[in-house]
Amino acid sequence: MKKINLIGSNIMNRRIVLGFIIAMVLIASGFTISFYSYIQYGEDTGRVHHAYEVTRVLENVLSLVKDVETGARGYVITNDTTYLAPYWSALRLLPIEIKKLRILTTDNRIQIQRRIRLEQLINDKLAVTEVHTDSKFLGKKDTAARGEGKRRMDVLRKQISLMVDTEQTLMNVRNRQAERSFRNTLIIIFALSLLTFLTLIISYILLDQELAHRQQTEDQLRFYDSQLREQIRQLEASNEELERFAFVASHDLQEPLRKIQSFANLITDRYSNLFDENSLMFMGKISNSAERMSKLIKDLLNFSRISSHREAFQLVPLSEIVQRVLDDQELRIKGLNVLVEVGSLPVVEGISSQMDHLFNNLISNALKFIRPDVQPLLRIQAKLINSDAYNDLNSERTYYEITIEDNGIGFDEKYLDHIFKVFQRLHGKNTFAGTGIGLAICKRVVMYHHGYITARSQPNQGTTFVVILPESQSQQQYDRPTSEAYSYLAS
């Protein structure tokens, strides 16, 4: 359920992010289109203004030509030189306007041809007007000159009118193009704004739903947290009761066992001369059973105390722990002629008493399951490993791999899951001593230290127990593994 909720939350987050991305893209697109439309509208307006300027210059040219003709005609009729003032002014300004016209019509091939034709007509008209104003031609040639001047003026007007009509047509086309471009831009900007608005509304609705869902999830987590705290409190109280019960029960059970052992030993010492061989054997069995029962009770008490007995984690030199265990087993090691090899061992954060239980049981195991006629070997080594060397290791922690290797009888790895369970034995109690709790204690110690334990073995090939321990116990208590499926085959 938690995984499904997490997937749903991720999908909702992606939708919200996608909505805001789309909104930002639409806003950026609207800005880009608006900027492009502004530039395009400016270009269209510039073209319209250009057509207007061409028209204005053409009208100025026509007006100046008219001034030339009017001034010349007034002078011819009245012989008054005052009429020549606009004449000479028009002749002076006309080349300037023609030059402007040349510059303005460079972008239109048809208008360039027409402008060349217009210049020819203006030159011809000026030539005729100049002849008309010459005093020596006044008289019989005056009528013919006026007729030729009028004809040329009409052709010139038509040429200018043609060019003005062309520019007016271009102006109208460009005006319509600018209006259409502006209208289309407004439509696109409105559509993009509407889409942006709708996208933001949808994103807001999704965000509101996500916030409501997270608030609901947070409320549920608070409720579950309160329930969990209550259950933890009840479990702690139950563990304390069980610990007291185990402590009292162990003492109550140990007392009759000690009496059984004591009276059995007294009977054997005092009346051994009265017993036959079978009676002595029976008394020996009574003593051995009582001793085995006593050891079993002690092991069960140690097993129950691993998780319930709270001690502060501290730095534990594993080399000192192993050396202390080897010193305790010194007589047994010398008696079996065991070859012991101990490498450099790290310092880890843990509980010293539990480390004693761990290595005492693993070393005792190696000394117990030896092969006849083979010199026993006990090799203890450690190395730093990466978090990806084994499954489910925390990548934020540093781990050490400690191996306890022997060359004993070994076992089939198909029984790997059984050997770490309470009372699970691969051999009969008469073949090898033990209560079947030692490896279960090892497993619980390693689990309590956020570590892992496994083994590699083959029958008659020896056994290597692999213990993975973190260098520090910095994580919270709720990070402690709760699954029992952490014993696996080492790669």
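Placed above this text is the structure.
Model, not experiment: these values are computed from the prediction.

A few words on the side chain of T105. Here T105 shows up in the loop between α2 (84–104) and α3 (109–133). When its relative accessible area of 1% is taken as the criterion, T105 is described as buried. A polar atom in the side chain of T105 sits 3.5 Å from the backbone oxygen of R102. Once residues lying within four places of it in the same chain are set aside, the contact partners of T105 are V54, Q111, I112 and R115.

For the rest of this paragraph, the subject is the packing of helix α8 (residues 352–368) against helix α10 (residues 438–448). Close contact between α8 and α10 brings their axes to 9 Å; oriented N to C, the two are set at 140°. Comparing the axis directions of α8 and α10 gives the class oblique. The two elements α8 and α10 cross, and the hand of that crossing is left-handed. The residues of α10 that touch α8, namely those facing Q354, M355, H357, L358, N361, L362 and N365, are G438, L439, I441, C442, V445, V446 and Y448. Here the contact of α8 with α10 is composed, by residue class, of 9 nonpolar, 5 polar and no charged.

To continue, consider the sheet that holds strand β5 (residues 399–406). Pairing is mixed across the open sheet formed by 5 strands, whose spatial order is β2-β4-β5-β7-β6. One side of each edge strand has no neighbouring strand; the edge strands of this open sheet are β2 (339–342) and β6 (452–457). Strand after strand, the sheet turns through a mean of 15° between neighbouring axes, direction not considered. Sheet analysis places β2 next to strand β4 (residues 377–385), joined by 4 bridges and oriented parallel. Looking across to β4, one finds that L339 is bridged to L377. On top of the sheet, α8 reaches β4, β5 and β7 (463–470); it is set at about 170° to β7, its chief contact.

What follows is about the nonpolar core. By size, the foremost hydrophobic cluster in this structure holds 37 residues, and its most contacted members are M355, L358, F359, I402 and V467. Looking at this core, the elements with two or more residues in it are α6 (318–328), α8, β4, β5, α9 (416–419), α10, β6 and β7. In terms of residue count, α8 provides more of this core than any other element does, 7 residues in total. Apart from residues lying up to four places away in sequence, L358 is in contact with C442, V445, V446 and V467. In this structure, L58, I98, L104 and I122 belong to the second largest nonpolar core, which totals 25 residues.

Direction vectors running N to C along α6 and α8 enclose 50°, while the axes themselves pass 9 Å from each other. When the axes of α6 and α8 are compared, the pair comes out oblique. For the crossing formed where α6 meets α8, the hand is right-handed. Here α6 contributes L318, I321, V322, R324, V325 and L326 to the contact with α8, which in turn contributes S352, M355, D356, F359, N360 and I363. Classifying every residue of the contact of α6 with α8 by side-chain character gives 8 nonpolar, 2 polar and 2 charged.

Residues separated by three or four positions in an α-helix point in the same direction, a consequence of the helix having 3.6 residues per turn. A large share of α10 lies buried, amounting to 10 of its 11 residues. Among the residues of α10, those classed as buried are G438, L439, A440, I441, C442, K443, V445, V446, M447 and Y448. Immediately beyond the C-terminal end of α10, within one or two residues, lies H450, with a positive phi of roughly 60°.

Here is what the cut-offs are and how they apply
Residues numbered from 1 in each chain as written. Predicted model: local features only at pLDDT ≥ 70, side-chain atom pairs only at ≥ 80, totals over all residues. Heavy atoms only, no water. Helix = DSSP H or I, 4+ residues; strand = E, 2+ residues; numbered from the N terminus. Buried < 20%, exposed > 50% of the residue type's maximum accessible area, 1.4 Å probe, protein only. Polar contact = N/O pair within 3.5 Å; in protein donor to acceptor, adjacent residues only side chain to side chain. Contact = heavy atoms within 4.5 Å. Axes fitted to C-alpha atoms, helices over the stretch in contact; angles between N-to-C directions. Parallel < 35°, antiparallel > 145°, perpendicular 65-115°, else oblique. Left-handed = near helix turned anticlockwise from the far one by under 90°. Nonpolar A, V, L, I, M, F, W, Y, C, P; charged D, E, K, R; others polar. Pairing = 2+ DSSP bridges. Core = buried A, V, L, I, M, F, W, Y, C linked by side-chain atoms within 4.5 Å.

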